[in-house]
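Summary of the model geometry
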Number of protein chains: 2
Amino acid sequence: MTVMKDKIVSLADKLIRVKGFNAFSYKDIADPLEVKNAAVHYHFPSKADLGMAVVAGEMERFRHNVQQWKPLPEDEQLGRLFDVFRKHCYAGNVCLMGSLAPDYETLTPGMQEKVSDMAEAILEWVTDCLENGRQHKRFHFKGSAGDRALLVISNLQSSLLMARVMGTDTFDRISRQLLEDLRS
Amino acid sequence: MTVMKDKIVSLADKLIRVKGFNAFSYKDIADPLEVKNAAVHYHFPSKADLGMAVVAGEMERFRHNVQQWKPLPEDEQLGRLFDVFRKHCYAGNVCLMGSLAPDYETLTPGMQEKVSDMAEAILEWVTDCLENGRQHKRFHFKGSAGDRALLVISNLQSSLLMARVMGTDTFDRISRQLLEDLRS
DNA sequence: CAAAATACTTACTTACCAGTAAGTAAGCAA
DNA sequence: TTGCTTACTTACTGGTAAGTAAGTATTTTG
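This report concerns the structure included in the present document. Here the structure is a predicted model, which is why all the values come from computation and not from measurement.

Right, let's get into the protein's contact with DNA strand D. Neighbouring DNA strand D are 18 residues, the closest being Ser25, Tyr26, His41 and Lys47 of chain A together with Lys36 of chain B. Counting only atoms of DNA strand D within 4 Å of the protein, the sugar-phosphate share comes to 70%. Taking Lys47 of chain A, its main chain carries an N or O atom lying 2.8 Å from a phosphate oxygen of DNA strand D. For the surface near DNA strand D, the element with the most residues is helix H3 (residues 37-43) of chain B, which contributes 4 residues. Looking at the surface near DNA strand D residue by residue, the class counts come to 9 nonpolar, 6 polar and 3 charged.

Set out below in structure tokens:
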């Protein structure tokens, strides 16, 4: 990936999180980077190509993160995931899933697949994290790890959405509660 | 409200839930109703006016519902709220908050206020429901009722989003877990 | 050194969007 | 029956959207 390509994806990522996929245009990317919209089309012929690159970038960061967290105890691993979301909250972002899921029906099949893959990858990781954490007595919860993981992800996702509407402390109230529930 | 006005709001409601506020146009409303887009502008001069009418309609339904649920025990009242969301899930809808929150930064101040009011009204009701339910020993949970209510709402909201990406049973897995947690 | 690939710009197209101005048919009201 | 209101239609505007074709400067490569 070239420098410009990186800049475009990074800006698109921010725009998707702040304005939503259908509310930003190539102009919103071209202007700040001081190029013409055709330059953006050169790197990403269609908006769906750009969207898929953004999702792919997020997936790569996620995989890199969980790899680095591996030596940590499970409760701390999950805490790191919460930290990622907390940073997004303070930056005024929502998560990619939270932004793209409402627009899901308007996305190309290619993008839908990428979004769906992302959801499954995160769910799988949280499920394993919870399952292992329970075995090591670091987490305590009823029901299956998979169901509990859905609950955790769903909370992380919409706490960012609610924080946007009701203020940033909404995120902290939800995530604190959630972590406390799991630890006791 | 005239018949046509009702039809427009009802169609707009569906479009917001399925495609998102920024992804539907006046044409999407005018065509199925077999009128011209100017007719829609006649009833709702700007798209924000239409959006606010949709939110107001949802608020009215919500107020009407909770009024009707009042005689029920609190756990059943909350169950009814879950039923409303479940029906949306099966209809392929997300909730209004789930759809409008990601687009929040692109909304007019007037719409932002309506969305914010809606969020607070729902939070207030769920908080009271949980608080009263706990006093009557029908709910059991740690922490404040307000924080717990945030968790409940956040789960309802994003379970609809996740259901869209991962399939409808996602909603049931999350909501079942959530209700069981509260009852025991 | 020539050819080819890279990374754009210029200039454009097609399509759609929200919104509006002006007109009209039907109904009601004094 | 005249005037006013309601509920539209017709016809349009200005703006913006995604996307493209053709050209150009720069770098890379055989």
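This brings us to the relation of the copies chain B and chain A. With an RMSD of 0.0 Å, chain B superimposes on chain A once it is rotated by 180° and translated 0.0 Å along the axis. Taken together, these values place the two copies in the relation of a two-fold axis. Most of the interface of chain B is mirrored in chain A, where 100% of its interface residues again form contacts.

This brings us to the protein's contact with DNA strand C. Around DNA strand C, the surrounding shell holds 17 residues, and the nearest of these are Lys36 and Tyr42 of chain A together with Tyr26, His41 and Lys47 of chain B. Lys36 of chain A has a polar backbone atom sitting 3.0 Å from a phosphate oxygen of DNA strand C. One of the backbone N or O atoms of Tyr26 of chain B is found 3.0 Å from a phosphate oxygen in DNA strand C. Elements with a minimum of two residues in the surface near DNA strand C: helix H3 (37-43) of chain A together with H3 of chain B. Top contributing element to the surface near DNA strand C by residue count: H3 of chain A, with 4 residues. Residues belonging to the surface near DNA strand C are distributed by class as follows: 9 nonpolar, 6 polar and 2 charged.

Enumeration according to the criterion identifies 26 salt bridges over all chains in this entry. Asp31 of chain A is the salt-bridge partner of Lys27 of chain A, the closest N and O atoms lying 2.7 Å from each other. Residue class for Lys27 of chain A comes out exposed when judged on its relative accessible area of 53%. Here Asp181 of chain B ties to Arg148 of chain A by a salt bridge, and the two come within 2.7 Å at their closest N and O atoms. Of this pair, Asp181 of chain B sits in helix H9 (residues 169-183) while Arg148 of chain A sits in helix H8 (residues 145-166), each in a different chain. Judged by its relative accessible area of 23%, Asp181 of chain B falls in the partly exposed class. Among the charged side chains, a network of salt bridges with common partners joins Asp13, Arg17, Glu58 and Arg61 of chain A.

Glancing now at the side chain of Gln177 of chain B. Counting through the fold element by element, Gln177 of chain B comes out in helix H9. Here Lys142 of chain A takes part through its backbone oxygen, which lies 3.1 Å from a polar atom of the side chain of Gln177 of chain B.

What counts, and where the lines are drawn
- Residues numbered from 1 in each chain as written.
- Chains lettered and ligands numbered in written order.
- Predicted model: local features only at pLDDT ≥ 70, side-chain atom pairs only at ≥ 80, totals over all residues.
- Heavy atoms only, no water.
- Near = heavy atom within 4 Å.
- Polar contact = N/O pair within 3.5 Å; in protein donor to acceptor, adjacent residues only side chain to side chain.
- Helix = DSSP H or I, 4+ residues; strand = E, 2+ residues; numbered from the N terminus.
- Nonpolar A, V, L, I, M, F, W, Y, C, P; charged D, E, K, R; others polar.
- Least-squares fit on C-alpha atoms with pLDDT ≥ 70 in both.
- Contact = heavy atoms within 4.5 Å.
- Salt bridge = Lys/Arg side-chain N within 4 Å of Asp/Glu carboxyl O.
- Buried < 20%, exposed > 50% of the residue type's maximum accessible area, 1.4 Å probe, protein only.

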